[in-house]
Amino acid sequence: MSKENVFVDGSVSSDLNALSDYERQALKEDVAQAYREDVGSGDITARLISEDAIATAVVISRESAVVCGQPWAKAFADKVDSSVVCEWHCNEGELLAENAKLLTLRGVARSLLTIERG
């Protein structure tokens, strides 16, 4: 599991490193359970997309919200495909307005579709 998140300003966060051993283990177990429930033995819908297709996905807030769960989101993305780049446009705990850009993901389109399920 990659331990870094890249932010738009080029800074890097080691949120997973900041977690205690207990928190890191709980995160790993929670992500594994979500993966089993949401992806299981494979993402049939994602298989409809070419293996070679590369895509970019932008995650926005639909309403004002406090950002929470960046380490979980990165851990889930890494479980699906560790080559996917996660570029955050906000910080954990930040208050965002409606329609604010949270995260841009870049990588294999199939992987992005599967990550969306988490």
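Residues numbered from 1 in each chain as written. Predicted model: local features only at pLDDT ≥ 70, side-chain atom pairs only at ≥ 80, totals over all residues. Heavy atoms only, no water.

Participant: Let's hear about the side chain of S111: which residues, and what values?
Facilitator: Along the chain, S111 turns up in helix α4 (residues 109-117). Using a relative accessible area of 9% as the deciding quantity, one classes S111 as buried. Once you skip the residues sitting within four places of it in the chain, S111 turns out to touch V80, D81 and V84. (Helix = DSSP H or I, 4+ residues; strand = E, 2+ residues; numbered from the N terminus. Buried < 20%, exposed > 50% of the residue type's maximum accessible area, 1.4 Å probe, protein only. Contact = heavy atoms within 4.5 Å.)

Participant: Report on the pattern of salt bridges, specifying residues and quantitative values.
Facilitator: On inspection of all chains with the given rule, the structure shows 3 salt bridges. The closest approach of N and O atoms between E87 and R106, which form a salt bridge, is 2.8 Å. Of this pair, E87 sits in strand β5 (residues 85-88) while R106 sits in strand β7 (residues 101-108); the two residues are 19 residues apart in sequence, bridging distant segments of the chain. By relative accessible area, which is 35% here, R106 ends up partly exposed. (Salt bridge = Lys/Arg side-chain N within 4 Å of Asp/Glu carboxyl O.)

Participant: Summarise the environment of Y35; cite the residues concerned and give the values.
Facilitator: Relative to the helices and strands, Y35 is located in helix α2 (residues 21-38). Of the residues examined, Y35 reaches a relative accessible area of 22% and is grouped as partly exposed. If we ignore the near neighbours within four places in the chain, the residues touching Y35 are G40, F76, K79 and V80.

Participant: Can you break down the packing of α2 against helix α3 (residues 70-80) residue by residue, with the values?
Facilitator: Each packed pair of helices is defined by two parameters, the angle between the axes and the distance between the axes. Interhelical geometry of α2 versus α3 gives an angle of 55 degrees and a closest axis separation of 10 Å. The orientation of α2 relative to α3 falls into the category oblique. Of the two elements, α2 crosses α3, and the hand of that crossing is right-handed. On α3, the residues that touch L27, D30, V31, A32, A34 and Y35 of α2 are P71, W72, A75, F76, K79 and V80. Residue classes in the contact of α2 with α3 are distributed as 10 nonpolar, no polar and 2 charged. (Axes fitted to C-alpha atoms, helices over the stretch in contact; angles between N-to-C directions. Parallel < 35°, antiparallel > 145°, perpendicular 65-115°, else oblique. Left-handed = near helix turned anticlockwise from the far one by under 90°. Nonpolar A, V, L, I, M, F, W, Y, C, P; charged D, E, K, R; others polar.)

Participant: Any chance you could break down a negative patch on the surface for me, citing the residues and the numbers?
Facilitator: A contiguous patch of negative charge, built from E29, D30, E37 and D38, is present on the exposed surface. Assignment of secondary structure puts E29 in helix α2. When its relative accessible area of 48% is taken as the criterion, E29 is described as partly exposed. (Patch = residues over 30% accessible without salt bridge, like charges linked within 9 Å, V, L, I, M, F, W, Y side chains within 5 Å. Areas by Shrake-Rupley, 256 points an atom, 1.4 Å probe, with all protein chains shown as cover. Lys, Arg positive; Asp, Glu negative; His and termini not counted. Charge placed at Lys NZ, Arg CZ, Asp CG, Glu CD.)

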